[in-house]
Amino acid sequence: MVEAVEVPVLESLSDVKGIEEKRSSVISEIRVEVPVESPTSDGYETDLEIEEERTSYDTTGREVYVNQCKSLNIIPVSFFLRNMQTSEIQMAHHGLGPKGTKAIALALVNNTTVLKLNLADNALEGEGGLYIANMLRENCYITVLDLSENKLGTAGAKSLGDMLHINVNLKEVYLSGNNFTDKDIEHFAEVMKDFRLTHFDLSRNCIGEKGGLLLGPAIAANESFGIPEFYHYTSVFRAFLSGSFFDFSTKLLL
């Protein structure tokens, strides 16, 4: 009869089980948790984040302009794109219209290089005047603005007059030939009492006696004015721009 040898086999299985348990314990102790790479960690995503940051601090507004032109379904003006990094933009007679003006205005909100902006004779109308006025509420670098011959009318006079209450950096503003009436002068008369402008051109507008009555006291109330040069004013205006007014320095063009 063959003798059974089951006990030694069980002991061997027990030993194996013990070894497995010990190995599992060691593995769990030395297990290292690998961190999951996040968008803020080093890697390709960080490069994208840096690129986004650069875009948000674009001091020319070039990308904003291109995107706005696409949104408005208009062709970008190459001349404007080429000159966005210069100190002076001369864009008279470019036929911008309100939509083209909107794209330019939004692009210039954060622009820090343009100091002089000439958009004369571009058919801005009241709507375009509003876009420029809103831009100049934020832009503190432009010091010379020419919006002559743009049919700004009453709406343009109101938006620009309101802007002049806020913007203290403009030095020269040219608004000749914009169909302003005596009523529209009300939007400029009050702010003129605190003007810091050295040139303010309102020539070739429909301003008469009532407009003179509004502008005269406003000019007189501004103590910062010195010796003026008055151009193109009518005999009606001459009566209201006399005497002490000739002690003012701001060049008021009427």
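Position numbers for residues count from 1 along each chain, tracking the sequence in the order it is written. Residues qualify for local features only when their pLDDT is at least 70, as the model is predicted, and side-chain atom pairs are given and counted only at 80 or more; totals for whole chains, interfaces and linings, by contrast, use all residues. Side-chain metrics in this entry use all non-hydrogen atoms of the structure; hydrogen atoms and water are not considered.

This part is about the environment of Met 192. Under the scheme used here, helices are H or I runs from DSSP no shorter than 4 residues and strands are E runs no shorter than 2 residues, and both carry numbers assigned from the N terminus. Relative to the helices and strands, Met 192 resides in helix H8 (residues 186-192). Residue exposure (1.4 Å probe, protein chains only): buried if accessible area is under 20% of the type maximum, exposed if over 50%, otherwise partly exposed. A residue is classified by how much of its surface remains accessible, and Met 192, at 1% relative accessible area, is buried. Between the C-alpha atoms of Met 192 and Ala 220, which are 28 residues apart in sequence, the distance is 9.4 Å.

The next subject is the nonpolar core. In plain words, nonpolar cores are sets of buried Ala, Val, Leu, Ile, Met, Phe, Trp, Tyr and Cys residues tied together by side-chain atoms within 4.5 Å. Core analysis: the largest hydrophobic core is formed by 49 residues, its most contacted members being Phe 80, Leu 175 and Phe 188. If you list the elements that add at least two residues to this core, you get helix H3 (62-72), helix H4 (78-83), helix H5 (97-108), helix H6 (125-138), helix H7 (153-164), H8 and helix H9 (209-221). In this view, Phe 80 contacts Tyr 65, Ile 89, Met 91, Ile 104, Ala 107 and Leu 108; residues no more than four positions away in its chain are not counted. Residue contacts are counted whenever heavy atoms from the two residues lie within 4.5 Å of one another.

Below, the discussion takes up unusual backbone geometry. One non-glycine residue, His 93, lies in the positive phi region at around 65°. In this structure, His 93 sits in the loop between strand S1 (88-90) and H5. You can call His 93 exposed: its relative accessible area is 58%. Backbone geometry places Glu 149, a non-glycine residue, at a positive phi of 55°.

Bringing the packing of H6 against H7 into the picture now. Only the stretch in contact is used when a helix axis is fitted, and all axes are lines through C-alpha atoms; the angle between N-to-C directions ranges over 0 to 180 degrees. Where H6 meets H7, the axes come as close as 8 Å, and the angle between the chain directions of the two elements is 5°. Relative to H7, the element H6 lies roughly parallel. For the pair formed by H6 and H7, the contact residues are Gly 126, Gly 129, Leu 130, Ala 133, Leu 136 and Arg 137 on the first element and Ala 155, Gly 156, Ser 159, Leu 160, Asp 162 and Met 163 on the second. Here the nonpolar group is Ala, Val, Leu, Ile, Met, Phe, Trp, Tyr, Cys and Pro; Asp, Glu, Lys and Arg are the charged ones; every other residue, Gly included, is treated as polar. Residue composition of the contact of H6 with H7, by class: six nonpolar, four polar and two charged. Should an angle fall under 35 degrees it is called roughly parallel, over 145 degrees roughly antiparallel, and 65 to 115 degrees roughly perpendicular, with every other angle called oblique.

The salt bridge definition used is simple: a Lys or Arg side-chain nitrogen within 4 Å of an Asp or Glu carboxyl oxygen. Evaluated as defined, the whole model comprises three salt bridges. Here Asp 162 makes a salt bridge to Lys 158, at a shortest N to O gap of 3.0 Å. Highlighted residues: Asp 162 and Lys 158, both in helix H7, separated by four residues, approximately one helical turn. Judged by relative accessible area, Asp 162 falls into the partly exposed class, the value being 28%. Classification of Lys 158 as partly exposed rests on a relative accessible area of 43%.

Turning to H6, a few remarks are in order. A helix is expected to span 1.5 Å multiplied by its residue count minus one. In this model, H6 (14 residues) spans 21 Å end to end at C-alpha, consistent with the 20 Å of a helix rising 1.5 Å per residue. Turning to H6, its buried residues are Gly 126, Gly 128, Gly 129, Tyr 131, Ile 132, Ala 133, Met 135 and Leu 136. Packing partners of the buried residues in H6 comprise H5, strand S2 (116-118), strand S3 (144-146) and H7.

All right, on to the packing of H5 against H6 then. Two elements in contact, H5 and H6, have axes whose closest approach is 9 Å; the angle formed by their N-to-C orientations is 0°. On the basis of their axis angle, the class for H5 and H6 is roughly parallel. Residues Pro 98, Thr 101, Lys 102, Ala 105 and Leu 108 of H5 form the contact with H6, whose own contacting residues are Glu 125, Glu 127, Gly 128, Tyr 131, Ile 132 and Met 135. Among the residues making up the contact of H5 with H6, the classes are represented as six nonpolar, two polar and three charged.

Another point: the confidence of the model for the chain. Every residue is assigned a pLDDT by the predictor, reflecting its confidence on a scale from 0 to 100. Overall, the prediction assigns the chain a mean pLDDT of 77, with 65% of residues at 70 or greater. Scored below 50 in pLDDT, residues 36-55 makes ten contacts in the model with residues more than four places away or belonging to other chains. For the stretch residues 226-250, pLDDT sits under 50, and the model shows 60 contacts to residues farther than four places along the chain or on other chains.

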